[in-house]
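Given next are the chains, with one letter for each unit.
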Amino acid sequence: MSTTITLVIRRQKPGDSGSFFMEHQVEADGKTVLDALKEMRDTVDPSLAFRAQCKSGICGSCALRVNGSARLACSTFLSAVQIEGRVVLEPLLNFAVEEDLVVQDRPFWKAIEAIKPWLWSDKGYEHEAVVPPQVKNGTDCILCAACYSECEVQAVKPSGYTGPAGFVQAHRFVADKRDHGGKERLKLLETEGLWSCAHSYNCSEVCPKDIDIGGAIADLRSQALAAGLGRNAGGRHVAWFTRGVRRNGKMNEFWTLAGTRGWRIIFDLPTGLAMAIRGKIPWPWGKKAKSSREVRRYFRSKNQ
Amino acid sequence: MHRHQKQYAYFPGCNTESISSELDQSMRAIAPLVGIELVDIPEFACCGAGMVREQDAYAEIALCARDFALAERQGLPILTVCSTCQGTMNHALHILKTDPDALAAVNLRMEGSGLVLRDISAVQVIHLLDVLHEDKDSLKELALSPNPLTGLRIAPFYGCRLLRPSSESPSSGLDQTRKFEEIIESLGLLPVNYPGRTKCCGFDIAFVDQKAARALLRERFIEAEGAKADILVTSCPLCHNVLDGMQSQVRSFEEKKFPVLHLPQLIGLALGVDERKLGLNRHVTGWKR
């Protein structure tokens, strides 16, 4: 027996600021979201606007939001995502809408351009260069902007933040032995929000190519610290946090906060006082795990 | 008292032992009532919280492996009340199971510590929410009716690390998950559905990019207000730090303020535990009924 589901599509006319929902029943069996959209355009409303090209999960054109999460229309089966017989289709977040499910994607490309995603090299390639596996992250990325849509920091930081796809591209070039960007590339990332990622893993979750974007960002931060680029709030946060763990086996909240904020901690005094009145005081001496001396051995020695 | 008590190696986490000690207090108050016997392991170290990883990735995994070995020695699953500890430890577990190079490097660092991780496949790291959800029918029998929360519209706040990355989290299901809501319903209470429930509280960048962190935090309250919520409940002490402690920074004097409960405090109130034993007096945004 065939399954019928209700497609609910958010529609918006070009130039309009408001949107409305259109509902339509479709047979779901064996159909992708893209199949259903094409069927609707061909049989119900030829003005329905959406982007699509390869139908194979390669070109990255057809990303949209399906039941509240970004996906590729061509690789998403209706039967797999329907909730109580309904599939809600909306344009990607963090973009202005051009028409219906089509967004104005220029900010996405600008954010990626900002990290200069090309090989920086003024020398020829005299030897064969073996590229490490991390490069695969960047080459697997199909630039569909699903991660850009779901990134919550992107939503509140429209400038000075390259976003998840930008970080993945940067990670690819930082790992590439043929690239001579080195510290300069990492410095550029600092100005493009490397320390503003809030670790909420929406990007990794929605990536249709299963790229570990959160892991790539963590690795970039690690490399920035190793290159001596930790003299900012993000770098200090990691350093002071780690110092407490290495020393006592536990994070020391007082020194992590004081070390991160520096003299700016005076701006936090009203909040600190309100918390202290309720007994929420991080003491400088902190807590210590029993037998914590052995924990120090777990950290890389300087010459490792 | 619950009919059956199950033992767990209790991993409160650094924040729960310090700024959010009322979470520890309330967990200890409700544990025997919901069938949990907490076994303290004083050697437990920090999980690394995804921060140590950025300085030294293998050190963070080694820290978690040490904690796994300590729990394994007692033959107990690890119970956390912190979503970040749960997420970090399950990430480490995932790496240890799938990356032989990482396993070898971690074993090398642990050498000589007297701790050996014998069987990775037996290690279990579980969040309180999952334990309660598994036994939600018992909550139905234990909850008082009415209780101090009856009639309130309760907004569950999952945050991020309890659910994401779903490939590493035992609480998978992500946006469709209703575990928190089902626990609230089992207590005879009313959960509200709102888009912010699985979003970011901004804690991780609260001292690094304050402008962005405050914007994220402010959005969470706007969404809760849009759903006509009366109170928020969270499964993570770090989310609680900002949702409760920094609420006044992002909400003007005239705007509604939301009491924010820890998950064990919600359970405790519904089961008739004295408010003082739950540490409700230690919240910046006061709880009044």
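Residues numbered from 1 in each chain as written. Chains lettered and ligands numbered in written order. Predicted model: local features only at pLDDT ≥ 70, side-chain atom pairs only at ≥ 80, totals over all residues. Heavy atoms only, no water.

As recorded by an unreviewed UniProt entry, chain B carries the name Cysteine-rich domain-containing protein and is attributed to Candidatus Wirthbacteria bacterium CG2_30_54_11.

The name given to chain A in an unreviewed UniProt entry is Fumarate reductase iron-sulfur subunit, with Candidatus Wirthbacteria bacterium CG2_30_54_11 as the source organism. Reading the Catalytic activity (unreviewed entry) entry of the UniProt record for chain A gives the comment "a menaquinone + succinate = a menaquinol + fumarate". Here chain A is described in UniProt, under the heading Pathway (unreviewed entry), as follows: "Carbohydrate metabolism; tricarboxylic acid cycle." (UniProt positions renumbered as here; feature names shortened; annotations may be inferred.)

## Some words on the sheet that holds strand 1 (residues 6-11) of chain B
Sheet strands associate in pairs through backbone hydrogen bonding, adopting either a parallel or an antiparallel arrangement. Residues and elements named next belong to chain B. Across the sheet, four strands lie side by side as 2-1-3-4; this open sheet has parallel pairing. At either end of the open sheet lies a strand with only one pairing partner, and these are strand 2 (36-40) and strand 4 (125-127). Recorded for the sheet is a direction-independent mean angle of 45° between the axes of neighbouring strands. In this structure, strand 1 lies alongside strand 3 (residues 78-80), joined through three bridges in parallel fashion. Bridging across to strand 3, A9 finds its partner in I78. Strand contacts of helix 4 (residues 57-74): strand 1, strand 2, strand 3 and strand 4, with the helix running at about 125° to strand 3, the strand carrying the most contacts. (Pairing = 2+ DSSP bridges. Helix = DSSP H or I, 4+ residues; strand = E, 2+ residues; numbered from the N terminus. Axes fitted to C-alpha atoms, helices over the stretch in contact; angles between N-to-C directions. Contact = heavy atoms within 4.5 Å.)

## Describing the interface of chain B and chain A
At the junction of the two partners, chain B supplies 61 residues and chain A supplies 55 residues. Of the roughly 5300 Å² buried where chain B meets chain A, counting both sides, 56% is carbon and sulfur surface. Counting the surface chain B buries against chain A, the share from its top three residues, E54, Q55 and F207 of chain B, is 14%. For E43 of chain B, the salt bridge goes to K290 of chain A, with nearest N and O atoms at 3.8 Å. Our enumeration of links across chain B and chain A arrives at 33 residue pairs in polar contact (both at pLDDT 80 or more). If you list the elements that add at least two residues to the side of chain B that touches chain A, you get helix 1 (14-17), helix 3 (52-55), helix 4, helix 6 (100-110), helix 10 (210-226) and helix 11 (237-245) of chain B. Counting residues per element, the side of chain B that touches chain A draws most heavily on helix 10 of chain B, at five residues. (Buried area = accessible area lost by both parts, 1.4 Å probe. Salt bridge = Lys/Arg side-chain N within 4 Å of Asp/Glu carboxyl O. Polar contact = N/O pair within 3.5 Å; in protein donor to acceptor, adjacent residues only side chain to side chain.)

## Structural notes on the domain arrangement of chain A
In terms of domain boundaries, chain A breaks down into domain 1 (4-103), domain 2 (106-226) and domain 3 (233-298). Each of domain 1 of chain A and domain 3 of chain A has a C-alpha centre, and these two points are 47 Å apart. (Domains from an automatic or database assignment.)

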